[in-house]
Structure formats: C-alpha cells, structure tokens
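Structural description and commentary
So the chains spell out like this:
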Amino acid sequence: MSKETTQIETLAISGMTCANCSARVEKGLLEQEGVKTAHVNLATERATVEFDERTSVTNLLQAVADSGYQAILYDEAHREQIKQEQLKEQRHMKLQLIISAALSLPMVIGMIVMMLGVTHPIVHWLHLPMVQLLLATPVQFYIGMRFYKGAYHAIKAKAPNMDVLVAMGTSAAYGLSVYNGFFGGNPEHLYFESSAVIITLILLGKYLEQRAKSKTGEAIKELMNLQVKIANVLRDENVVSIPIDDVLVGDIVVIRPGEQVPIDGVIVSGRSAIDESMLTGESMPVEKESEDRVFGGTVNQTGVLQVEATNIGATTALSRIIRMVEEAQGTKAPIQSVADRISHIFVPVVLLVAFVTFLVTFWISGYMEQAVLHSVAVLVIACPCALGLATPTAIMVGTGLGAKNGILIKGGGALEKAATINAVVLDKTGTITEGKPKVTDVKWASDDDARQQEYLKILMALERDSEHALARAIVAYGEAYEIEIPDAHEVEALVGMGITGIVSQARYSVGAERLVRQHKLRIPTHFDYRKLEEEGQTVMFLLSETEVLAQIAVSDPIKATSKQAIQTLHEQGVAVYLLTGDNKRAAQSIGKQVGIDPKRIIAEVLPEEKASVIQARQAEGEIVAMVGDGINDAPALAVADVGIAMGSGTDIAMETADVTLMSSDLRQIAKTIQLSELTMKKIKQNLFWAFVYNTIGIPFAALGLLNPMVAGGAMAFSSVSVLLNSLRLNQAKLK
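Not measured: the values here are computed from a predicted model.

Side note on the overall build of the protein chain
Scanning the protein chain from N- to C-terminus turns up 27 helices and 26 strands. The buried share of the protein chain, reckoned over its 735 residues, is 52%. Within the protein chain, residue pairs in contact and separated by at least 24 positions form 69% of the contacts whose partners lie at least 6 positions apart. Accessible surface for the protein chain amounts to roughly 33100 Å². Of this, 57% is attributable to carbon and sulfur atoms.

Structure, rendered in structure tokens:
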C-alpha cells in the first residue's frame, strides 16, 4: 500500500485506568484490518492511529468500544465537546469521592475509637453489622461500579487490568464481612471499612491523578489561549472587526500596539517591535518593517501595522505548533516499551501471587479471614497505575517545556534520542549564517557598460524565479538598477552547482567554480575569486556556453550567537561538523571564525551526498544530529539520528526533521540536549519508583505486614507521586 493512501487520525479515549488498559485498546486497534500503527497514550488519553482505506474512523471507534472503552475523533469539531466531557467526568468523580468519603468516615472513626478503648453506645452502634452493611454497600456497588465495569470488559477481552485487582480485592473483603456478620462467622470481625476505604482512597488517587494530568497539558492550553478570536480587517477603507474564521488570505489586517497578531502574514505598511517569545522562547522583541513576516499569537508592541494575511486558521505557524506538540505528546518513547511489556504480564502474575498467598496463609494459620486479608492486600498494592504513567507524563511535560522555549519536538523517540547525541553536523547558509546574503562585489569580463548591463539582465532573468537565498540576493542587487528583465526559458536547477536557462535564444548558466570547470572554460585573470573565498564569501559565475561573463561575490553574515553555541556544544563533549555545498576556502574561513576544527569541515558536497556523510559518521559509532534549513538538507535530516530544522527554513525541512528550533538560534541545540537529558532523568526516576514500589510492596502484603487499607492508600498515591515528579520538570530552567 503506498504512503499516499494512508491517513493518521487521533482518537480521544475515556475509561482507561492503567497501562494494561492502554495496551488492550492498542491491541484492539492493531487487530483491525488496514491499521498500520497505533499508539495509545494513557496520560493524554488519546490514540494516534495510521491506517489505509481498508478501514475507517467508524471501525476504529467500534474497535475501541469492543475493548470496553469510549472513543471520539479528536479534531477541531470535537475538541470543545471532549473538553466538556473531561470536565464533566472530573466533576462526577469529585461528587462520587465526597459521597464515598462521607460513607466510609463513620466506619473508620468507629474503628479508631474502639482501638483506643472507648466504650460508648454510639461506638457500639457503628460496629453493628447492619449499620456497616448500609454504609459500605453504596460505596462497594455504586461508587465501585466503575471498577466492576472495567473488570468485566478486561476479563471479556482476556486482558486483566487494575480494575480486576480492585474489584476482586474489595469484593473479597466485603463478602467476608457479610459472611461473618450474617451467616455464622464471627460478627466481631468485619472488614466493611477496609473495602470502602480502599475504594475511596483509589478514587481519591484517580481524582488527584486527573487533576495532575490536566496540568501536564498546560503548555498546549497556553498555546491555545494565544489564538485570537477577532481580527480587525480593512474593508472598503474602513476597519471592521470580524471573527478570525472569516478572515481570508489576502485580507489586510490592522494590528494596533498591544494587540496580538491574529494571522500569519507580511507587513505592507508600518513598523513595530514584535514580541515573538511564544514562538522562539526569546524575550527580546524583534524589529519588523515592510515586507517582513509576522506570525499569529505574537504581540505587536509599538507601532500600527497593516499585514496581508498569507496563512489563516489551521495553516498558521501557531496552529502547526499546537498540532506538532499534541502529536509529540501522543507518541511513545522507546523506553516505554519496557513498562508496556512488564504491565502486560504483571496483572496475571499478581493474581497468581494473591491466590498462592491465600492458600499458603490459610494452610499455615488455618484462618480464612487472615488468608483473605493477605491476598486482598496483595491485589490492591500491586495495581500498576504508576507504571503506566511513568513515561507518558514526563514526555508530555518535556515536550511542553520545549515548546515554551521555542523547541518543537515531534515525538517521544526524538526526545529520548537527543540525550545521546555526541556529534552535531551543521549546514552553513541559514544555520551558522544569517541566511540573508548580500551581493558585495561584481566583476565583469567586459569593460563596456552596455555589455555589463546586458549581462546583468541575463543574470536577473535566470535568478528571478528562484527561491534560493543566493538568488534572492542577486535579484535584490539587480533591482537597484531598474532595468527591464527579459524572459528566461527552460530554466533548470543544476543540483549542487547552480542554474541554467535560455535567455534571448542563447543558453547561459550561473553557478560555482565547479560548474565553470565542468564547462572547461577559463576564468578571466582579473577575477579575484580565490581571495574573496578565503574571506568567507561565496563566489558565483555567469557563463555562456563559450566564456565566463561575470563574477558575483555574496557575503552571508555569521549569526552573532553561532560561535558561542558551537563553543557550548564542545563543552558538552559534542563533536561539531560543518557540512556545506560551498567551496572549501569559504567553508574553512567560516569554520575558523566560529571555532570548528578544520578536519571536521566538509565542503563542496552535493545535496544527495549530505545523507552519505551523515551515514559515514554513524558508521563510526557517532549519534548524529543534523541541523539545516533548506530543501537540500531534507535527505540528511531524515537519515540523521535526530534531524533539527531551523524555524526560518523551508516547510519541507521542518516536516522531515524531528526537532524544529523556532528562533533559528544555534544555542537552542544545547538546550534541546539538556531538555532531553532532564526528561530522561525524570522517566528513569518514575520507572524506578514504580518498579521498586510494586516489587517491595507485594512481599510485604503477602506476609501480612500491610493492612489492605494502607495498601490501597499507598497504591493510589504512588500514581500521584509519579505525576508530581513529572510536573517538577516544568520548573527546570534550560541554560
């Protein structure tokens, strides 16, 4: 099946409680014919599914329903509905928690007061089997119904989960209490409070977990809040306020000081400073004037601007950022597969351990009650909720923190891999340099002014429609002469060398020295191109089929932060390479200025060769990040361990890359590595505590050293502790 026939959709799923739940939904989706990949994230409660025409969204929703959960398509049309459903569920859970606590509290107070030796009629009344039955039954079968439903669907799907453990454990304690209180057992030994308190504590944990989960998505909410609802548009020379959805491409939008920019566009009138911190993470405002681009969600600070809308709605940079962060938060990091595999076998093993605990305890002690309580404690303490939340919550917070700092990470895999980077390969133009080259010197083969003007017309004709940064510099240079530009025909890019085309019925080309060598032409002796290249300038030549007509030198200033960024990477122990299609002398000059080892400068590389250079570094055992901004960098970005695109680059580069740096500041590379290291540290901490908690807790429970109520509380708060540990990542300052 070709890639073009596949589509990717996100489903919002409700009802999942642990890693086994997400694994079951994932399994159900993958069993659908036509589904290629399915990733279910417990923390975001979303599934990302890639599928072809053999199935449909309706079939996917049904597959989730068959697994025992509810799903809805997560798109613009349903987003508000999903949000309202989540708020409704949270309010319902809070109400149930209050009822459950209110009914459980009298039994707990009665138990504590009796342990203190107080003998009062009210205390005696609280211990009557009928009173405790009336208090515990609503908790067990109304509040606890969610666990019974979940257990039913889990058993039906042959994939037992946390709900099975809770339902079995509390039912055993409740059933033993009914037997002792009403059918000939010891009426002094009632455990109604244990079953009720376990349900209450687990529900409290789930409620706190739900609250904490909503905080892990704060970055998305903050980005969504930046989306403007109303725009002031110029219509018939009048400024009218209209809903943002009614703005059309080409409309002139008026943006006053202090207002947020509602769309992406180009300034047609006015000058101002724009706060772009929401995009780039940089606090300093950026000066903007006519023909500069502005982006939706940024803030106009000083002057009145008139902006022609170029991107609206879902196509704006802000919308793409929100979509990218959401997709990243829905993916899995490779480390999560460890937790997934363990969770898959964990519950069946726990059920076996609980059963063995029951048999052994009953055999040793001879007391049914003791055997039931020990096995109940094992069932409750073992719930693998923390295990399922350990990785996705850290990924959510990490990608959100990255977005706040102008670092957009596509997925958990890229976030994990970035921590291991030990080599960074940098493109030159637009990456180390500003990407805004200017023509600094032009020399002509002829001294005749008419000839020179004719050559300039040919040069302009060839470069006029090109999007290359060097071509734009040449066109900008030629526009100052206000000449009439002839048409160029059969214009064709010569990959890695230049451009060729027919002007005035003759073929001409513009390109690097190797293009001249290929044509076996002689460069005029008065052309000082070698000296210019040693100064770091890029030199191109205009040539006909028989002679070299002109030399054009272009200088692209080095970014002010590039040298510092490369020095920081060196301090982190990262090897830095310069990879460029430019000539060796210019590359060596640029490399020297920013502190790159001459042995790590690779010049005169064709676009298709860049990927081979990356693979050669990987073959040497290096974990390579490729940083670029152009279409010619896309193959190298794709083959690198981590592809990093500059935000000022092409859409193709950003689509191919794993990470996009919105500020185009190379210092963000070190921040990306640091962010990855911090996130991985949190994931490892979370997994360690989740594993240790279950591993230590089960033997204690099996030996009768843990009361079922204490086990319930510990299980509930283990999940909350994992979430809180992930949320601490929000406080990190990337340096």
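Let's talk about the UniProt feature "transmembrane region" (unreviewed entry) in the protein chain
Sequence positions flagged by UniProt for "transmembrane region" (unreviewed entry) are, in local numbering, residues 97-116, 122-143, 164-183, 189-208, 345-365, 371-390, 686-703 and 709-727. Secondary structure content for residues 189-208 is 85% helix and 0% strand, and the end C-alpha separation is 32 Å. Along residues 686-703 the backbone is 94% helical and 0% strand, and the end-to-end C-alpha distance reaches 26 Å.

Here we look at the sheet that holds strand E18 (residues 498-503)
Pairing within the open sheet is antiparallel, and its six strands lie in the order E16-E21-E20-E19-E18-E17. Either end of the sheet is taken by a strand with one partner, and the two such strands are strand E16 (438-444) and strand E17 (488-494). The average undirected angle you get between the axes of adjacent strands in this sheet is 15°. Its contacts with the sheet put helix H17 (residues 449-463) on E16, E17, E18, strand E19 (506-511), strand E20 (538-544) and strand E21 (548-555), and the angle it makes with E18 is roughly 115°.

Here we look at helix H2 (residues 57-66)
Because an α-helix packs 3.6 residues into every turn, residues spaced three or four apart end up facing the same way. All buried positions along H2 are accounted for by Val57, Leu60, Ala63 and Val64. The buried side chains of H2 occupy one side of the element, clustering within an arc of 115° when seen end-on. For H2, exposure combined with an orientation more than 90 degrees from the buried face picks out Thr58 and Asp66. Here the buried face of H2 lies against strand E1 (7-14), helix H1 (19-30), strand E2 (35-41), strand E3 (46-51) and strand E4 (70-73). One or two residues past the end of H2 sits Gly68, with phi positive at roughly 100°.

Comments concerning the sheet that holds strand E9 (residues 272-275)
The sheet built from three strands is open, its strands ordered E10-E9-E12 with antiparallel pairing. Lying at the two open borders of the sheet, with one neighbouring strand each, are strand E10 (286-288) and strand E12 (299-300). Alignment of E9 against E10, held across three bridges, turns out to be antiparallel. Bridge pairing in E10 links Ser272 to Lys288.

A word on helix H5 (residues 129-143)
Helix length check: H5, at 15 residues, gives a terminal C-alpha distance of 20 Å against a target of 21 Å (1.5 Å per residue), a fit within 8%. Considering bend angle alone, the principal kink of H5 is centred on Ala136 and spans about 30°; proline Pro138 follows within four residues of it. Listed as buried for H5 are Pro129, Val131, Gln132, Leu133, Leu135, Ala136, Val139, Gln140 and Ile143.

Digging into the side chain of Ser272
Relative to the helices and strands, Ser272 is located in strand E9. On the accessibility criterion, Ser272 (2% relative accessible area) is buried. Side chain to side chain, Ser272 and Thr302 meet in a polar contact 3.1 Å long.

Let's talk about the pairing of strand E8 (residues 264-269)
Of the strand pairs in this sheet, E8 and strand E13 (residues 305-311) are connected by five bridges, and their pairing is antiparallel. Paired with Ser269 across the two strands is Gln306, which belongs to E13. The pairing of E8 with strand E11 (residues 293-294) spans two bridges and is classified as antiparallel. Each bridged residue has a counterpart across the sheet, and for Val266 the counterpart in E11 is Arg293.

Comments concerning the packing of H5 against helix H7 (residues 162-182)
Geometry of a packed helix pair, given as the angle between the helix axes and the separation of the axes. Relative to each other, H5 and H7 sit at 160°, their axes nearing to 11 Å. Viewed along their axes, H5 and H7 adopt a mutual orientation that is roughly antiparallel. The way H5 lies across H7 gives a crossing that is left-handed. Facing Pro129, Met130, Leu133, Ala136, Thr137, Gln140 and Phe141 of H5, the residues of H7 in contact are Thr170, Ser171, Tyr174, Val178, Gly181 and Phe182. Residues of the contact of H5 with H7, tallied by class, amount to eight nonpolar, five polar and no charged.

Some thoughts on the nonpolar core
Nonpolar side chains in soluble globular proteins tend to be buried together. Leu29, Val424, Leu426 and Ile669 are the most contacted members of the largest nonpolar core, which has 112 residues in total. For this core, the two domains that each supply at least three residues are domain 1 (6-74) and domain 3 (407-434 + 559-672). Excluding residues within four positions of it along the chain, Leu29 makes contact with Leu11, Val35, Ala38, Val40, Ala47, Val49, Leu60, Ala63 and Val64. Within the second largest apolar cluster, 24 residues are counted, among which are Ile458, Ala461, Ala473 and Val503.

What about the pattern of salt bridges?
Per the stated rule, a full pass over the model turns up 18 salt bridges. Salt-bridge contacts for Arg507 lead to Glu490; the nearest nitrogen and oxygen are separated by 3.4 Å. With Arg507 in strand E19 and Glu490 in strand E17, this pair connects stretches of sequence that are 17 residues apart. In this structure, Glu535 and Lys531 form a salt bridge, with 3.1 Å as the shortest nitrogen-oxygen distance. A relative accessible area of 42% places Glu535 in the partly exposed class. Residue classification places Lys531 among the partly exposed positions, given a relative accessible area of 48%. Overlapping salt bridges bring together Glu513, Arg517, Arg530, Glu533 and Arg585 as one network.

Re a nonpolar patch on the surface
A cluster of nonpolar side chains, Leu352, Phe355, Val356, Leu359, Val360, Trp363 and Ile364, forms an exposed patch at the surface whose accessible area comes to about 780 Å². Turning to its location among the elements, Phe355 is positioned in helix H12 (residues 336-365).

Concerning the packing of aromatic side chains
In the structure shown here, the tally under the stated rule is eight aromatic pairs. Ring centres of Trp444 and Tyr455 lie 6.3 Å apart, and the angle between their planes is 35°; this geometry places the pair in the tilted category. Taken as a pair, Trp444 in strand E16 and Tyr455 in helix H17 lie far apart in primary sequence, 11 residues in all. Through pairs of rings, three or more aromatic residues link up here, namely Phe141, Tyr148, Tyr174 and Phe192. In this structure, Arg46 is placed above the aromatic ring of Tyr74, and the distance from its NZ or CZ to the ring centre is 4.5 Å. The lysine or arginine in question, Arg600, covers the ring of Tyr577, its NZ or CZ lying 5.6 Å from the ring centre.

Things to note about the packing of H1 against H2
Following both chains from N to C, one finds H1 and H2 inclined at 140°, their axes separated by 9 Å at the closest point. Judged by the angle between their axes, H1 and H2 are oblique. Note that H1 runs across H2; the crossing there is right-handed. Taken together, the residues of H2 that come into contact with H1 (itself represented by Val25, Gly28 and Leu29) are Leu60, Ala63 and Val64. Per-class residue counts for the contact of H1 with H2 are five nonpolar, one polar and no charged.

Some points on the environment of Gln227
Note on placement: Gln227 falls in the loop between helix H9 (218-225) and strand E5 (230-235). Once the C-alpha coordinates of Gln227 and Thr298 are considered, the two residues, 71 residues apart in sequence, prove to be 9.6 Å apart. Ignoring sequence-local partners within four residues, the contact set of Gln227 consists of Leu318, Ser319 and Ile322.

Reading guide: rules and limits
Residues numbered from 1 in each chain as written. Predicted model: local features only at pLDDT ≥ 70, side-chain atom pairs only at ≥ 80, totals over all residues. Heavy atoms only, no water. Helix = DSSP H or I, 4+ residues; strand = E, 2+ residues; numbered from the N terminus. Buried < 20%, exposed > 50% of the residue type's maximum accessible area, 1.4 Å probe, protein only. Contact = heavy atoms within 4.5 Å. Areas by Shrake-Rupley, 256 points an atom, 1.4 Å probe, with all protein chains shown as cover. UniProt positions renumbered as here; feature names shortened; annotations may be inferred. Pairing = 2+ DSSP bridges. Axes fitted to C-alpha atoms, helices over the stretch in contact; angles between N-to-C directions. Arc of directions from axis to C-beta. Expected span 1.5 Å × (residues − 1). Bend = angle between axes of the 7 residues up to and from the residue. Polar contact = N/O pair within 3.5 Å; in protein donor to acceptor, adjacent residues only side chain to side chain. Parallel < 35°, antiparallel > 145°, perpendicular 65-115°, else oblique. Left-handed = near helix turned anticlockwise from the far one by under 90°. Nonpolar A, V, L, I, M, F, W, Y, C, P; charged D, E, K, R; others polar. Core = buried A, V, L, I, M, F, W, Y, C linked by side-chain atoms within 4.5 Å. Domains from an automatic or database assignment. Salt bridge = Lys/Arg side-chain N within 4 Å of Asp/Glu carboxyl O. Patch = residues over 30% accessible without salt bridge, like charges linked within 9 Å, V, L, I, M, F, W, Y side chains within 5 Å. Phe/Tyr/Trp six-rings, centres within 6.5 Å; stacked < 30°, edge-to-face > 60°. Lys NZ or Arg CZ within 6 Å of the ring centre and 35° of its normal.

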